[in-house]
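Structure at a glance
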Amino acid sequence: GENVEQHPSTLSVQEGDSAVIKCTYSDSASNYFPWYKQELGKRPQLIIDIRSNVGEKKDQRIAVTLNKTAKHFSLHITETQPEDSAVYFCAASPYSGGGADGLTFGKGTHLIIQP
Amino acid sequence: SAVISQKPSRDICQRGTSLTIQCQVDSQVTMMFWYRQQPGQSLTLIATANQGSEATYESGFVIDKFPISRPNLTFSTLTVSNMSPEDSSIYLCSVGGQSNGYTFGSGTRLTVV
């Protein structure tokens, strides 16, 4: 089955700086890679996702890059703000378009934004 | 994207008992997914529930411990059976959509004493 590795487990950055979280996956059949933000006591919220036919996707301060050959993808957050503090999870799935497959998650990164 | 109502939001249960968690979706979906999130940990897929057929369980999870029902395209239940303290976790249901990715219910925080 799929295995998703995520690094670092904890990341502390100064407010206004950039944060990068990296994930690798093992199953070449995976073609859908979402990122979730989870605040304490709340459900995971999708913040951005990318499919394997795209190398990069950006949404305001958040971007995701995918290197399918190397089987790794990364989350980039620029101009970090205090409200970015949360746990971030990467995930992978052989998304077939019908929502038929569940997600395999990385272990999570606790992002701390220092004022 | 789909809106999921999950209940109960939390419960404290005695060991050896069972708890049934319900998820209701505001639209028809083919698949529903059940995850477990142990304290301070990531999410792990328990099983995939397809209406009209038996759920498909991931390695390490069995039907006797986590029976699932999927009576129609908008509803599913997960039962945690014969509970022990190790079952204390957050349980979440999820549905997938091609355009909007996967969304999650609000979770059920289970404590077994």
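Let me sum up the structure you'll find in this document. From a predicted model like this one, the values you see are computed outputs, not experimental measurements. What you see as residue numbers is a count from 1 along each chain, following the sequence as written. For naming, the first written chain is A and the first written ligand is 1, with later ones following in the order written. Reporting of local features is limited, given that this is a predicted model, to residues whose pLDDT is at least 70; pairs of side-chain atoms are given and counted only at 80 or more, and all residues count toward the totals for whole chains, interfaces and linings. As a rule here, side-chain values come from all non-hydrogen atoms in the structure, and water together with hydrogens is ignored.

Further remarks concern the overall build of chain B. Counting its secondary structure elements, chain B contains 0 helices and 11 strands. Only DSSP runs of H or I covering at least 4 residues are called helices, and only runs of E covering at least 2 are called strands; the numbering of each starts at the N terminus. Listed N to C, the secondary structure of chain B is β-β-β-β-β-β-β-β-β-β-β in terms of helices and strands. As a reference, a globule follows 2.2 Å times the number of residues to the power 0.38, and the radius of gyration itself is taken over C-alpha atoms. Computed over the C-alpha atoms, the radius of gyration of chain B is 13 Å, within 12% of the 13 Å expected from 2.2 N^0.38 for a compact globule of 113 residues. Its C-alpha atoms give chain B principal-axis dimensions of roughly 40 × 25 × 25 Å. Per-residue burial over chain B gives 48% buried out of 113 residues. By definition, residues are in contact when any of their heavy atoms lie within 4.5 Å. Excluding contacts between residues fewer than 6 apart, the proportion of contacts in chain B whose partners are at least 24 apart in sequence is 52%. Values of accessible area rely on a 1.4 Å probe in the Shrake-Rupley scheme; residue burial ignores everything except the protein chains shown. On chain B, roughly 5300 Å² of surface is accessible, and the fraction owed to carbon and sulfur atoms is 46%. Both charge centroids of chain B, one from 7 positive and one from 7 negative side chains, sit 8 Å from each other. Partly exposed describes any residue whose relative accessible area lies between the buried limit of under 20% and the exposed limit of over 50%, with all areas from a 1.4 Å probe on protein chains only and scaled to the type maximum. The charge count treats Lys and Arg as positive and Asp and Glu as negative. His and the chain ends do not count. Note on charges: their place is set at NZ of Lys, CZ of Arg, CG of Asp or CD of Glu.

Working definition of a disulfide: a covalent bond connecting the sulfur atoms of two cysteines. The term disulfide is used for any two cysteine sulfur atoms that are within 2.5 Å. What the rule picks out here adds up to 2 disulfides over all chains. Residue A:Cys23 pairs covalently with A:Cys90 via a disulfide, S to S 1.9 Å. Linking A:Cys23 and A:Cys90, the disulfide has an S-S dihedral of approximately -100° and is accordingly described as left-handed. Within this pair, whereas A:Cys23 is found in strand E3 (residues 19–25), its partner A:Cys90 is found in strand E9 (residues 86–92), the two being separated by 67 residues in sequence. A relative accessible area of 1% means that A:Cys23 is categorised as buried. On the basis of relative accessible area, A:Cys90 is assigned to the buried category, the value being 0%. Covalent S-S linkage joins B:Cys23 and B:Cys93, the inter-sulfur distance amounting to 1.8 Å. Residues B:Cys23 and B:Cys93 are joined by a disulfide whose S-S torsion is about -85°; by sign, that bridge is left-handed. Remark: B:Cys93 occurs in strand E9 (residues 89–97) and B:Cys23 occurs in strand E3 (residues 19–25); sequence separation between them is 70 residues. For the pair B:Cys23 and B:Cys93, a shared accessibility class is recorded, and that class is buried. For B:Cys13, which is in no disulfide, the shortest distance to another cysteine sulfur is to B:Cys23 and amounts to 16 Å.

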